[in-house]
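# Observations on chain architecture
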Amino acid sequence: IIEFCKHRKPKILNFMSTVAVMGLIKKSSNNTEDIFTEENLNIQQYFIDPYSESKYKAELKVQEFIAAGGEANVFRIGTIGASSLTGIFQKNIHENYFTRLINSIINLKMAPYLPNYNQDYLPVDIVSNSIISLSLLRTNRTYHIYNSNTFSLYEMCLMLQAIGYQVNLVDY
């Protein structure tokens, strides 16, 4: 894609990434460099899944493209959900991280007690409208498309219990 953007008339690259490029960070002594923002990518994180790591490596390539004079925007997207207007969701629902999480909790009838594990969720129409609007503004920027009004895994389990699912919380 980068080569295509360089070919003949230069084109702006709008790259869809994930907030998961943040990876996991080893605990440090309140080092402000560990704070993950739109302005940084390498915070000495490590990855436990190939998807996040591949997006991280792709963002490094996009940064090289920008450094060489290319124009690009990076959109780091959080958890995408069903449309807020229609309720329609992706066809391959079984591949979605969030629905797999909920399905696993329901089928196992248990979940780890992690009151501080927070989850974001944004309807697909809000995500797509945000990307379209931001892509028209400026180039060579990174944007986090992420719902800061998160909920905890614990709260989600309580919601599942409230609608009749048996969910036992176990120590992690």
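Let me sum up the structure you'll find in this document. (Residues numbered from 1 in each chain as written. Predicted model: local features only at pLDDT ≥ 70, side-chain atom pairs only at ≥ 80, totals over all residues. Heavy atoms only, no water.)

Of all hydrophobic cores here, the largest spans 10 residues; its members are F98, L101, I105, A111, F151, L153, M156, C157, L160 and V167. Counting residues per element, the ones that place at least two in this core are α3 (97-108) and α5 (153-162). Considering each element in turn, this core owes the most residues, four residues, to α5. Contact partners of C157, with chain neighbours within four places excluded, come to I105, A111, V167 and L169. Counting eight residues, the second-largest nonpolar core is a separate cluster that includes I77, V127, L134 and Y143. (Core = buried A, V, L, I, M, F, W, Y, C linked by side-chain atoms within 4.5 Å. Buried < 20%, exposed > 50% of the residue type's maximum accessible area, 1.4 Å probe, protein only. Helix = DSSP H or I, 4+ residues; strand = E, 2+ residues; numbered from the N terminus. Contact = heavy atoms within 4.5 Å.)

Their axes nearest at 11 Å, the elements α3 and α5 cross at an angle of 55°. Viewed along their axes, α3 and α5 adopt a mutual orientation that is oblique. In terms of crossing hand, the pair formed by α3 and α5 is right-handed. Contacts between α3 and α5 involve F98, L101, I102, I105 and I106 from the first element and L153, M156, C157 and L160 from the second. For the contact of α3 with α5, the residue count by class is nine nonpolar, no polar and no charged. (Axes fitted to C-alpha atoms, helices over the stretch in contact; angles between N-to-C directions. Parallel < 35°, antiparallel > 145°, perpendicular 65-115°, else oblique. Left-handed = near helix turned anticlockwise from the far one by under 90°. Nonpolar A, V, L, I, M, F, W, Y, C, P; charged D, E, K, R; others polar.)

A word on the packing of aromatic side chains. Inspection of every chain in the model, using the stated rule, returns five aromatic pairs. On the numbers, 5.5 Å between centres and 15° between planes, the contact of F75 with Y143 is stacked. Highlighted residues: F75 in strand β2 (residues 72-77) and Y143 in strand β7 (residues 141-145), separated in sequence by 68 residues. Residue class for F75 comes out buried when judged on its relative accessible area of 0%. Between F98 and F151, the ring centres sit 6.1 Å apart and the planes meet at 75°, which makes this aromatic pair edge-to-face. Here F151 lies in strand β8 (residues 151-152) and F98 lies in helix α3, a separation of 53 residues in the sequence. Here the two residues F98 and F151 agree in accessibility, since each one is buried. An aromatic cluster of at least three residues, connected via ring pairs, comprises F98, Y121 and F151. (Phe/Tyr/Trp six-rings, centres within 6.5 Å; stacked < 30°, edge-to-face > 60°.)

Here we take up α5. Within α5 the residues assigned to the buried category are L153, M156, C157 and L160. Taken around the axis of α5, the buried residues stretch over an arc of 100°, which confines them to a single face. Positive backbone phi, approximately 105°, marks G164, located one or two places after α5. (Arc of directions from axis to C-beta.)

Turning next to unusual backbone geometry. One non-glycine residue, Q44, lies in the positive phi region at around 60°. Counting through the fold element by element, Q44 comes out in the loop between β1 (13-18) and α2 (50-67). Residue Q44 is classed as exposed on the basis of its relative accessible area of 65%. For K109, which is not a glycine, the phi torsion comes out positive at approximately 60°. Structurally, K109 can be placed in the loop between α3 and β4 (110-112). With relative accessibility at 43%, the residue K109 sits in the partly exposed group.

Here the focus is α3. With 12 residues, α3 should reach 16 Å at 1.5 Å per residue; the first-to-last C-alpha distance of 16 Å fits that figure. Here the buried face of α3 lies against β4, β5 (118-119), β8 and α5. For α3, the N-terminal cap is N96; the gap from its side-chain oxygen to the backbone nitrogen of F98 is 2.9 Å. Downstream of α3 by one or two residues, K109 has phi in the positive range, about 60°. (Expected span 1.5 Å × (residues − 1). Polar contact = N/O pair within 3.5 Å; in protein donor to acceptor, adjacent residues only side chain to side chain.)

Take it as geometry only, folks, not as evidence of what the structure does.
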